[in-house]
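Each chain is listed here by its residues.
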Amino acid sequence: GEEEEDIAMSCSSEATESDRHVHEHGHDGHVCDGHCEHGHDHGELEKPDEWEEPSLFAYIDLEQCRLLNAQQESADVVLKHPSRLTDRSTWVESDVDEELIVHVQFASAVCVRKICLLGGEEDSCPREMHVWINREDIDFDNARDVPFTQRMEVPNDHRHLIDYKTKYVHFQNVHSLTLFFPSNYGAETTKIYAL
C-alpha cells in the first residue's frame, strides 16, 4: 500500500528535504491530519509562528495547475514555496470580474489539514473560498450549483497570512483541490498574493 506521511498544506517557513525529494523524483506520498464538523466554516485562524507541520508545496504538480478568469497565465504566481509566502512581487488577479478559480493538482494523494491565503489590498481580498476535492470539472458554469466540500469565510486582511483548517474527514486522499473565490470586499477584481 501507499506510505503515509504526516504533512499538511500550511504557511510553514520551509519545506523538508523529504518533501523536495518527493517533488523532484515523483515518489508516491500520502499525507493526513485534522478533524471534521459541519459544511460552513469561518475558518480557525492561526499565527504563522504556530505553523509547525511541513508544507505540501513539494507535492504540487505546478504544470497541471490552472487559473480561470485570471490576468496571469501560470498558477506558480500564487502557489508559492513556503519561503516566498510573504513575497508580494507576484500574485493572481481576476480578469473580467471578481470571480476567480484556482485548480491545484497534486503529484500523489495527500490529506490537506490547512489552506493558507494572503489576500490583496484595497478590498480586493476574497470574501469567501469554496473548496472541492478531486473535481477537475469545476468552472464558472457549475461552481454555484455543485455542492462544495467546504466553504470558508475570508476576512478583509491583506497584511497577514491566514491559515484555514479543513475538515479532515473530507480532505483525505486528495489528488486535486479546486478553489472558487466568488466575491471580494467591493473591488472590481480579486487579488491573492499567496496560497
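This write-up is about the structure you can find in this document. (Residues numbered from 1 in each chain as written. Predicted model: local features only at pLDDT ≥ 70, side-chain atom pairs only at ≥ 80, totals over all residues. Heavy atoms only, no water.)

1. Notes on the overall build of the chain
Operational definition: Under the scheme used here, helices are H or I runs from DSSP no shorter than 4 residues and strands are E runs no shorter than 2 residues, and both carry numbers assigned from the N terminus. The rule is simple: take the accessible area with a 1.4 Å probe, protein chains only, and divide by the maximum for that residue type; under 20% is buried, over 50% is exposed, in between is partly exposed. Contacts are assigned to residue pairs with any non-hydrogen atoms lying within 4.5 Å of each other.
Across its full length, the chain holds one helix and twelve strands. Ordered by position in the sequence, the α and β elements of the chain form the string β-α-β-β-β-β-β-β-β-β-β-β-β. The buried share among the 195 residues of the chain stands at 53%. Sequence-distant contacts, at least 24 apart, represent 84% of the contacts inside the chain between residues at least 6 apart.

2. Digging into the sheet that holds strand 10 (residues 162-165)
Using the following cut-off: Note on pairing: DSSP must find at least two bridges between two strands before they are called paired.
Taken together, the four strands give an open sheet; going across it, the order is 5-12-7-10, and neighbouring strands pair in antiparallel fashion. The open sheet is flanked by strand 5 (92-93) and strand 10, the only strands paired with a single partner. Bridge count between strand 7 (residues 114-119) and strand 10: four bridges; the pairing is antiparallel. Across the sheet, Ile 115 pairs through a bridge with Tyr 164, a residue of strand 10.

3. Side note on the nonpolar core
Note the cut-off: Buried Ala, Val, Leu, Ile, Met, Phe, Trp, Tyr and Cys residues that are joined via side-chain atoms within 4.5 Å together make up what is termed a nonpolar core.
Ranked by size, the top nonpolar core spans 35 residues in total, and within it Phe 106, Met 129, Leu 177 and Leu 195 carry the most contacts. Those elements giving two or more residues to this core turn out to be strand 6 (100-110), strand 7, strand 8 (128-133), strand 10 and strand 11 (174-181). Among the elements that line this core, the one with the most residues is strand 6, at five residues. Ignoring anything within four residues of it in the chain, the contact list for Leu 195 reads Val 78, Leu 79, Lys 80, Leu 85, Val 102, Ile 115, Cys 116, Leu 117, Leu 179 and Phe 181.

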